[in-house]
Amino acid sequence: MKNIAECVALLGDVVRSRVSERARVHEALLKAIEVCNENHPPLDPLRVTVGDEIQGIYATLGQAIAAMLRLRDELLGVAEVRCGLGGGEVQVIDPKRGIQDGSAWWGAREAIERAESLSRQPGNRTSRTALVDARAGANPLADPTLRVIDAQLAGLSPGSRRSWVHLRAGLDNAAAAKLEGITPSANSQRINDHGLRPLSTLVDSVVALP
């Protein structure tokens, strides 16, 4: 892997990993990462590094956000993931050992620390994602938009959260209802009551960001 002049680094960690079923979470994490790498091709593959920390590099902010949201969907019911996104450059210090540096990684580290700090503050406890973007033309609305998406997802019941996953996967109402063991009208009610279609439109707009 060569130096990358402009990209977005994704850094993630499992929330409350020390009190989780580590073996079960780790296995689920590996499977989720495999799905993400297959469906959201990175510049440098998403992978587990030290402990439960996750990292990967993407060509655009939208691609990084899409991978981050897919990772969270794949881990639904098993673990929560906190993510920091950093826009900038990546320098490969040691290609053999995979050691990297650069403003994208500095931003990702600052962002994940910000997301964790916000989650301890009243009114921001739903925070799971933050962005620090040092690239030219960075969108100032991207970071607060991610916080809104976090808040909306956190407010869903387990059933509605699963309906969200089915909606994002492109399943029609009947197929989603069958998976949930409910009637199509009940699944439709979940979607309508929680504004999942407008939320999906918002997500579509952020995953298209350069």
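Residues numbered from 1 in each chain as written. Predicted model: local features only at pLDDT ≥ 70, side-chain atom pairs only at ≥ 80, totals over all residues. Heavy atoms only, no water.

Focus on the state of the cysteines
Where we set the bar: In what follows, a disulfide is any cysteine sulfur pair within 2.5 Å. Three labels apply to residues, based on accessible area from a 1.4 Å probe with only protein chains included: buried if under 20% of the type maximum, exposed if over 50%, partly exposed otherwise in between.
Overall, the coordinates contain zero disulfides when judged by the stated rule. Free of any disulfide, Cys7 has its nearest neighbouring cysteine sulfur in Cys83, separated by 16 Å. A relative accessible area of 0% places Cys7 in the buried class. Free of any disulfide, Cys36 has its nearest neighbouring cysteine sulfur in Cys83, separated by 9.3 Å.

Concerning the packing of helix α5 (residues 158-168) against helix α6 (residues 173-180)
Cut-off, in case you're wondering: Here an angle of 0 to 180 degrees is reported between the N-to-C directions of two axes, which are lines fitted to C-alpha atoms, with helices fitted over the stretch in contact. Secondary structure is summarised from DSSP: a helix means a run of H or I of at least four residues, a strand means a run of E of at least two, and numbering begins at the N terminus for each. When describing relative orientation, an angle under 35 degrees is termed roughly parallel and one over 145 degrees roughly antiparallel, while 65 to 115 degrees is termed roughly perpendicular and anything else oblique. Helix crossings fall into two classes, left-handed where the near helix is turned counterclockwise from the far one by less than a right angle and right-handed where it is turned clockwise. Two residues form a contact once any of their heavy atoms are found within 4.5 Å. Polarity classes work like this: nonpolar for Ala, Val, Leu, Ile, Met, Phe, Trp, Tyr, Cys and Pro, charged for Asp, Glu, Lys and Arg, and polar for all others, with Gly in that last group.
Two elements in contact, α5 and α6, have axes separated by 10 Å at closest approach and are oriented at 140°. One element, α5, and the other, α6, form an angle in the oblique class. Note on packing geometry: the crossing formed by α5 with α6 is right-handed. For the pair formed by α5 and α6, the contact residues are Gly159, Arg162 and His166 on the first element and Ala176, Leu179 and Glu180 on the second. For the contact of α5 with α6, a count of residues per class yields two nonpolar, two polar and two charged.

Section: the nonpolar core
Cut-off, in case you're wondering: Throughout this description, the term nonpolar core refers to a set of buried Ala, Val, Leu, Ile, Met, Phe, Trp, Tyr and Cys residues connected via side-chain atoms within 4.5 Å.
In this structure, Leu46, Leu61, Ile65, Leu71, Leu85 and Trp164 are the most contacted members of the largest nonpolar core, which totals 39 residues. Listing elements by their share of this core, those giving two or more residues are β1 (4-14), α1 (22-39), β3 (54-58), α2 (61-74), β4 (81-94), α4 (142-154), α5 and α8 (196-206). Residue contributions to this core peak at seven residues, all from α2. Once residues within four sequence positions are removed from consideration, Leu71 is found in contact with Leu29, Ala32, Ile33, Cys36, Leu46, Ile54 and Val81. Grouped together as the second largest cluster of nonpolar side chains are 10 residues, Leu11, Ile57, Val90 and Trp105 included.

Considerations on the pattern of salt bridges
Stated precisely, the cut-off is as follows: Salt-bridge detection follows one rule: a side-chain nitrogen of Lys or Arg within 4 Å of a carboxyl oxygen of Asp or Glu.
Across all of its chains, the model carries 16 salt bridges by this definition. One salt bridge connects Asp13 with Arg82, and the closest N-O pair in it is separated by 3.2 Å. With Asp13 in strand β1 and Arg82 in strand β4, this pair connects stretches of sequence that are 69 residues apart. A relative accessible area of 8% means that Arg82 is categorised as buried. In this structure, Arg161 and Asp73 form a salt bridge, with 2.8 Å as the shortest nitrogen-oxygen distance.

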